Amino acid sequence: MNVLGLVLPVLLLLGTPAIAVELKGQNIDGQKLPAKAYYYATGGVYKVQVSFHNKRATIYFDDGNQTTITLNQQAIADSNNIEGFGKIGQYPLNGTFSVGLIYGDDWPSNNGSQLLQFNPLDGLWKISLE
């Protein structure tokens, strides 16, 4: 009875299908696709490559840098309107937390007199597949 209590949950987890990003009903996880990425915080449009995995997209820039964002939706209906959230230098752990470095001049000074500015669009991306 005790073995059944341990084996049954494991079998259920193994039998659960992986959740993949779908574009018009087709799984696109793991494919590196050419795209353009618009970063709302700066207004910049970047020619990139993007790969999807579960509910995340990794954006690869031409200079070798990359960032990972969490997608707003897993089922993509419009390949020109894929939105997600993720700050450059951060890797999302789950829907709430991320880890990484902060880039730029956003560091508070040692005396604490510098206030950090909050931009509600900071971290919002829009991807258009080519």
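Check the entry above for the structure.
Okay, so let's go over this structure. (Residues numbered from 1 in each chain as written. Predicted model: local features only at pLDDT ≥ 70, side-chain atom pairs only at ≥ 80, totals over all residues. Heavy atoms only, no water.)

Comments concerning the pattern of salt bridges
- Per the counting criterion, the structure on display carries one salt bridge.
- Residue glutamate 130 pairs with lysine 47 through a salt bridge whose shortest N-O separation is 3.4 Å. In this pair, glutamate 130 sits in the segment after β11 (124-129) while lysine 47 sits in strand β4 (residues 44-53), placing the two residues 83 residues apart along the sequence. The two residues glutamate 130 and lysine 47 agree in class, both being exposed. (Salt bridge = Lys/Arg side-chain N within 4 Å of Asp/Glu carboxyl O. Helix = DSSP H or I, 4+ residues; strand = E, 2+ residues; numbered from the N terminus. Buried < 20%, exposed > 50% of the residue type's maximum accessible area, 1.4 Å probe, protein only.)

Points about the packing of aromatic side chains
- Applying the stated criterion across every chain yields a total of five aromatic pairs.
- With a centroid separation of 4.2 Å and 20° between ring planes, the pair formed by tyrosine 39 and tryptophan 125 is classed as stacked. Of this pair, tyrosine 39 sits in strand β3 (residues 32-39) while tryptophan 125 sits in strand β11, and the two are 86 residues apart along the sequence. We note that tyrosine 39, like tryptophan 125, is buried. (Phe/Tyr/Trp six-rings, centres within 6.5 Å; stacked < 30°, edge-to-face > 60°.)

A short note on the sheet that holds strand β5 (residues 56-61)
- Judged by pairing direction, the barrel is antiparallel, and its six strands sit side by side in the order β3-β4-β5-β6-β8-β11 before closing back on the first. Strand-to-strand twist of the sheet, defined as the mean angle between neighbouring strand axes without regard to direction, takes the value 45°.
- Relative to β11, β3 is paired through five bridges, and the arrangement is antiparallel. Residue pairing in the sheet places tyrosine 39 in a bridge with tryptophan 125 of β11. (Pairing = 2+ DSSP bridges. Axes fitted to C-alpha atoms, helices over the stretch in contact; angles between N-to-C directions.)

Quick look at the pairing of strand β6 (residues 66-71)
- In terms of strand pairing, β5 meets β6 through five bridges, oriented antiparallel. Paired with arginine 56 across the two strands is threonine 70, which belongs to β6.
- Relative to strand β8 (residues 82-85), β6 runs antiparallel, the two sharing two bridges. Looking at β8, one finds that threonine 70 is bridged to phenylalanine 85.

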